[in-house]
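# Descriptive structure summary
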Amino acid sequence: MKKFKIAIVGATGMVGRTFLSVLEERNLPISEVFFFASSKSAGKTITFKGKNYTVEELTEKSFDRGIDIALFSAGGSISLKYAPVVAEKGCIVIDNSSAWRMDPKVPLVVPEVNPEDIKWNNGIIANPNCSTIQAVIALRPLQLKYGLKRVIYSTYQSVSGAGMAGFKDLENGIKGEAPAKFVHPIAGNCIPHIDVFMDNGYTKEEVKMIEETRKILNLPNLKVTATTVRVPVFYGHSESINVELEKPFDLDELKQELKNFPGIVVLDDPANNLYPMPITAAGRDEVFVGRIRRDESVDNGVNLWVVADNIRKGAATNTVQIAQKLIEFQSEE
Ligand code: A2P
């Protein structure tokens, strides 16, 4: 079986470091690995599978050595600049930033939902936004069985979603220090503002969730709205998802559809205080669903509470799973 040369761009960051753990846990056929970050980190040591590697500064020449697959998580501007250069050299980029997600020539993939889209890539495959990934995994089985009419997202997103700097703001904020990353203190607070504001009053995070949901589920006209909120939690995003389905449903059958879907764990036993929380999902790769109940204010309405580890399934795990599928498809050719 062919072995692959794999590179990590942004290897010192919050998601980059988790790429390492997920790659270590999953046995991908890797022949060589390379680690890139900014000039600030060049020369640092990274240990992968018991071996030490030196972090290199990312430059246009970094990929002149037959690298097959690159996992990018170094921010949108780095992806915008380098992904086409790297793809041009024959390496497939799996990009965790928002830079390429809505480009019609770039597939946007959650392996449990739309793995076949990997096949039409032109050298770049986009990894969706963390809050979108867990949402579409919960929506997909409902879409397949009952059809989706309208979706309302309200999110409770952890500080690690804003990278190291976000994480430090909560850590330091608890000690009484002023924020450096967020525009308001996050300790003891909730901030209804993730990414920048758009002209229509939505934040870019909300627009990402709306547009990415439509693209991944291949429902360009789906009625969907979102309110995204940063909360003082270190790891794990939670989402209230209110769904109007096209068809009537039996609640027990709907729960079974969720249970049967790959990557979902249903935790729903209110009598025993059982429902997912960020601490349930931390360090896990599954999407947890609970509080499943009929919305009696509309026809065919259901409420879900959906929680996942935003750094693992919301970023690193999903990216590595895309790489695994890509390798699987290439091996079939
Ligand atoms: P560095 O640590 O050298 O700054 P996070 O979002 O968790 O802060 O991580 C961002 C990641 O992107 C880090 O690995 C960071 O490396 C990397 N990065 C930032 N700027 C660049 C750049 N100009 N070239 C390559 N990697 C970069």
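Residues numbered from 1 in each chain as written. Predicted model: local features only at pLDDT ≥ 70, side-chain atom pairs only at ≥ 80, totals over all residues. Heavy atoms only, no water.

Around the ligand there are 15 residues in total, and T12, G13, M14, S38 and S41 lie nearest to it. Contact distances for the ligand include 2.6 Å between an oxygen atom and a side-chain N or O atom of T12. Residue M14 places a main-chain N or O atom 2.8 Å away from an oxygen atom belonging to the ligand. Contact with the protein chains removes 70% of the 570 Å² of surface that the ligand exposes when unbound. In the shell around the ligand, the residues fall into 7 nonpolar, 7 polar and 1 charged. (Near = heavy atom within 4 Å. Polar contact = N/O pair within 3.5 Å; in protein donor to acceptor, adjacent residues only side chain to side chain. Areas by Shrake-Rupley, 256 points an atom, 1.4 Å probe, with all protein chains shown as cover. Nonpolar A, V, L, I, M, F, W, Y, C, P; charged D, E, K, R; others polar.)

Below, the discussion takes up the pairing of strand β11 (residues 237-245). With 8 of 9 residues buried, β11 lies mostly within the body of the structure. Judged from the 8 bridges that link them, strand β9 (residues 148-157) and β11 form a sheet pairing that is antiparallel. Residue pairing across strands places R150 opposite E244, the latter belonging to β11. Of the strand pairs in this sheet, β11 and strand β14 (residues 301-308) are connected by 8 bridges, and their pairing is antiparallel. Across the sheet, the residue bridging to S240 is W305, located in β14. (Buried < 20%, exposed > 50% of the residue type's maximum accessible area, 1.4 Å probe, protein only. Helix = DSSP H or I, 4+ residues; strand = E, 2+ residues; numbered from the N terminus. Pairing = 2+ DSSP bridges.)

Our focus in this paragraph is the packing of helix α3 (residues 130-146) against helix α6 (residues 251-260). One can describe the packing of α3 onto α6 by two numbers: an axis separation of 9 Å at closest approach and a directional angle of 125°. As far as their axial angle goes, α6 and α3 are oblique. Of the two elements, α3 crosses α6, and the hand of that crossing is right-handed. Residues A138, P141, L142, K145 and Y146 of α3 form the contact with α6, whose participating residues are E253, L254, E257 and L258. For the contact of α3 with α6, the per-class residue count stands at 6 nonpolar, no polar and 3 charged. (Axes fitted to C-alpha atoms, helices over the stretch in contact; angles between N-to-C directions. Parallel < 35°, antiparallel > 145°, perpendicular 65-115°, else oblique. Left-handed = near helix turned anticlockwise from the far one by under 90°. Contact = heavy atoms within 4.5 Å.)

Pairing is mixed across the open sheet formed by 6 strands, whose spatial order is β10-β9-β11-β14-β13-β12. Edge positions in the sheet fall to β10 (223-230) and β12 (264-266), since each of these pairs with one other strand and no more. Averaged over all pairs of adjacent strands, the angle between strand axes in this sheet comes to 25°, irrespective of strand direction. Bridge analysis of strand β13 (residues 287-295) against β14 gives 6 bridges, and the strand direction is antiparallel. What sits directly across from D295, in β14, is G301. Packing of helix α5 (residues 204-216) onto the sheet brings it into contact with β9, β10 and β11, and relative to β10 it is tilted by some 140°. Its contacts with the sheet place α6 against β11, β12, β13 and β14, and it is angled at close to 165° to β13.

Here we come to unusual backbone geometry. The backbone of D195 shows a phi angle near 70°, a positive value even though the residue is not glycine. Here D195 lies in the loop between α4 (163-174) and α5. Since its relative accessible area comes to 32%, D195 is described here as partly exposed. The backbone of N273 shows a phi angle near 55°, a positive value even though the residue is not glycine.

Read from one edge of the open sheet, 6 strands run β5-β2-β1-β6-β7-β8, paired in parallel fashion. The open sheet is flanked by β5 (56-57) and β8 (124-126), the only strands paired with a single partner. Bridge count between strand β1 (residues 4-9) and strand β6 (residues 69-72): 4 bridges; the pairing is parallel. Within the sheet, the bridge partner assigned to I6 lies in β6 and is I69. Relative to β6, helix α2 (residues 76-88) is tilted by about 175°, and along the sheet it contacts β1, β6, β7 (92-95) and β8. Contacts from helix α8 (residues 312-332) reach β1, β6, β7 and β8 within the one sheet, and its direction differs from that of β6 by about 165°.

Let us look at the domain arrangement of the protein. The assigned domain composition of the protein is domain 1 (4-127 + 315-332) and domain 2 (131-310). Each of domain 1 and domain 2 has a C-alpha centre, and the two are 25 Å apart. Counting each side, the surface lost to burial between domain 1 and domain 2 is near 1700 Å², with a carbon and sulfur contribution of 65%. Three residues stand out in domain 1 for area buried against domain 2, namely M14, E112 and V113, and they jointly supply 38% of the buried area on that side. Along the contact surface separating domain 1 from domain 2 lie 2 salt bridges. As a salt-bridge pair, D285 and R26 come within 3.3 Å of each other at their nearest N and O atoms. At the surface where domain 1 touches domain 2, the tally comes to 8 residue pairs in polar contact (both at pLDDT 80 or more). Sorting the residues of the side of domain 1 that touches domain 2 by element identifies α1 (14-25) and α8 as the ones contributing at least two each. (Domains from an automatic or database assignment. Buried area = accessible area lost by both parts, 1.4 Å probe. Salt bridge = Lys/Arg side-chain N within 4 Å of Asp/Glu carboxyl O.)

With respect to burial, strand β2 (residues 30-37) is a largely interior element, 6 of its 8 residues being buried. Two elements, β1 and β2, share 6 bridges in a ladder whose sense is parallel. Counterpart to F4 in the pairing with β2 is I30. What joins β1 to β2 is α1, and the crossover it makes is right-handed. The pairing of β2 with β5 spans 2 bridges and is classified as parallel. Counted as the bridge partner of A37 is E57 from β5. (Right-handed = clockwise from strand over helix to strand, strands pointing away.)

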